[in-house]
Amino acid sequence: MPEAMLELNDVHTYYDHIHALKGISMTVNEGEIVALIGGNGAGKTTTLRTVSGMMKPRRGTLSYRGQTIAGIPAHHILNRGISHVPEGRRIFKDLTVRENLDVGAYTVTDRAVIEQRIQEGFAFFPRLKERENQLGGTMSGGEQQMLAIARALMVAPKLLLLDEPSMGLSPLFVEAIFDIIVKLNKERGTTVLLVEQNANMALSIAHRAYVLQTGEIKLSGNAADIAQDESVRKAYLGDD
Ligand code: ATP
């Protein structure tokens, strides 16, 4: 049996009176890449926000490595090893690449550890090393996405939540970002919960997937099986 890292059980999350998640139950096992796909407004972003503590579920349970995380402040969840790269890669545009990484390590107090992680980040993303002193806002969209991921890695997360990492990127950068996700998973053993509009790409790298529709899980299973599912192909993979 695979070991469950993250478990959501009947999770309901609201924006005021808008019932965005209507009873989500899902599992992410240690070492997996799990894709969360679905159309606009399905609740993908809300699911990640609920896991990282940015939003509080009104009902249901969330547990991470056997401990409850529902209702716990976001920085405590981060400290336990869950790091969230939000949609739209909110890097600090007026800070350099190095300064952005430094800020990402705000929960780490040991300077030597911070420096070591910056160097590990540069080894992982040579493109960022070349741009160490460049302002974040002057980099290309793909480079900013790399920086957003590198920043999230500064806390050495066990579980990485990625919200639409390929959004707005050129095809070459989309490939590069997906390669990085696979490398992170294989080489560092980082578990990944990946939200994507680009369902084809997401399903090609994921082990398992959940399909969300209007706040509910419509389908789940092995990514390869989901990619073959006729209703999924019609709705999300561009088949007629
Ligand atoms: P997208 O791909 O369009 O980002 P999504 O699957 O990530 O979609 P969510 O952003 O999680 O979907 O939205 C789920 C529901 O919650 C939608 O009905 C949306 O309109 C609503 N919602 C999202 N953010 C807010 C907000 N800040 N205030 C009110 N309602 C919101």
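Above: the structure in question.
Only a predicted model underlies this, so the values are computations on that prediction, with no experimental measurement involved.

Novice: How should the sheet that holds strand S10 (residues 216-222) be read in this particular structure?
Specialist: What holds strands together in a sheet is hydrogen bonding between their backbones, with the strands either parallel or antiparallel. A sheet is described by the order of its strands in space; here six strands give the open sequence S6-S7-S8-S3-S9-S10, paired in mixed fashion. Each having just a single partner strand, strand S6 (82-85) and S10 make up the two edges of the open sheet. This sheet shows a mean twist of 15 degrees between the axes of neighbouring strands, independent of strand direction. By the bridge criterion, six bridges tie strand S9 (residues 208-213) to S10 in an arrangement that is antiparallel. In the strand pairing of S10, Leu212 is matched with Ile217. Lying on the sheet, helix H1 (residues 44-52) is in contact with strand S3 (33-37), S6, strand S7 (159-163), strand S8 (191-195) and S9; it crosses S7 at an angle near 150 degrees. In this fold helix H7 (residues 171-188) packs onto S3, S7 and S8, with an angle of close to 155 degrees to the strand it touches most, S8.

Novice: I tried to follow the sheet that holds strand S5 (residues 67-68) on my own but got confused; where do I start?
Specialist: With antiparallel pairing, four strands are arranged side by side in an open sheet as S2-S1-S4-S5. Every other strand in the sheet has two partners, leaving strand S2 (18-29) and S5 as the edge strands with one partner each. Taken together, the five bridges between strand S1 (residues 4-15) and strand S4 (residues 59-64) define a ladder with antiparallel strand orientation. Its bridge partner lying in S4, His12 is registered against Arg59. Sitting on the sheet, H1 touches S1, S2 and S4, and the angle it makes with S1 is about 115 degrees.

Novice: What exactly am I supposed to notice about unusual backbone geometry here?
Specialist: Glycine aside, a negative phi is what most residues show, and trans is what most peptide bonds show. Backbone geometry at Asp16 places phi at a positive 55 degrees, although glycine is not the residue there. Looking at the element boundaries, Asp16 is found in the loop between S1 and S2. Judged by its relative accessible area of 63%, Asp16 falls in the exposed class. For Arg65, which is not a glycine, the phi torsion comes out positive at approximately 50 degrees. With respect to the element layout, Arg65 can be found in the loop between S4 and S5.

Novice: Whenever I open this one, the side chain of Arg208 confuses me. Can you help?
Specialist: Locating Arg208 in the fold gives a position in strand S9. Apart from the residues within four sequence positions on either side, Arg208 is in contact with Thr27, Val28, Asn29, Glu32, Ile33, Val34, Ala35, Gly221, Asn222 and Ala223.

Novice: Explanation requested: the layout of surface pockets in the structure shown.
Specialist: Gaps left between atoms are located by rolling a probe of water-molecule size over the structure's atoms. What the largest pocket holds in volume is close to 420 Å³. Leu78, Ser83, His84, Tyr106 and Arg151 are, among the 19 residues lining the largest pocket, the residues nearest its centre. Only helix H2 (74-80), S6, helix H3 (97-104) and helix H6 (141-152) provide two or more residues apiece to the lining of the largest pocket. At four residues, S6 tops the list of elements feeding residues into the lining of the largest pocket. The residue makeup of the lining of the largest pocket, split by class, is twelve nonpolar, five polar and two charged. Estimated volume of the second largest pocket: approximately 230 Å³. The wall of the second largest pocket is formed by 16 residues, among which Leu153, Ala156, Pro157, Arg188 and Thr190 lie closest to the centre. Considering each element in turn, the lining of the second largest pocket owes the most residues, three residues, to helix H4 (residues 111-124). Among the residues forming the lining of the second largest pocket, the class breakdown is six nonpolar, four polar and six charged.

Rules of the game
Residues numbered from 1 in each chain as written. Predicted model: local features only at pLDDT ≥ 70, side-chain atom pairs only at ≥ 80, totals over all residues. Heavy atoms only, no water. Pairing = 2+ DSSP bridges. Helix = DSSP H or I, 4+ residues; strand = E, 2+ residues; numbered from the N terminus. Axes fitted to C-alpha atoms, helices over the stretch in contact; angles between N-to-C directions. Contact = heavy atoms within 4.5 Å. Buried < 20%, exposed > 50% of the residue type's maximum accessible area, 1.4 Å probe, protein only. 1 Å grid on protein atoms, 1.4 Å probe; cavity = no way out; pocket = protein on both sides within 12 Å on 5 of 7 lines; lining within 4 Å. Points joined across faces, edges and corners; volume = space filled by probe spheres on them. Nonpolar A, V, L, I, M, F, W, Y, C, P; charged D, E, K, R; others polar.

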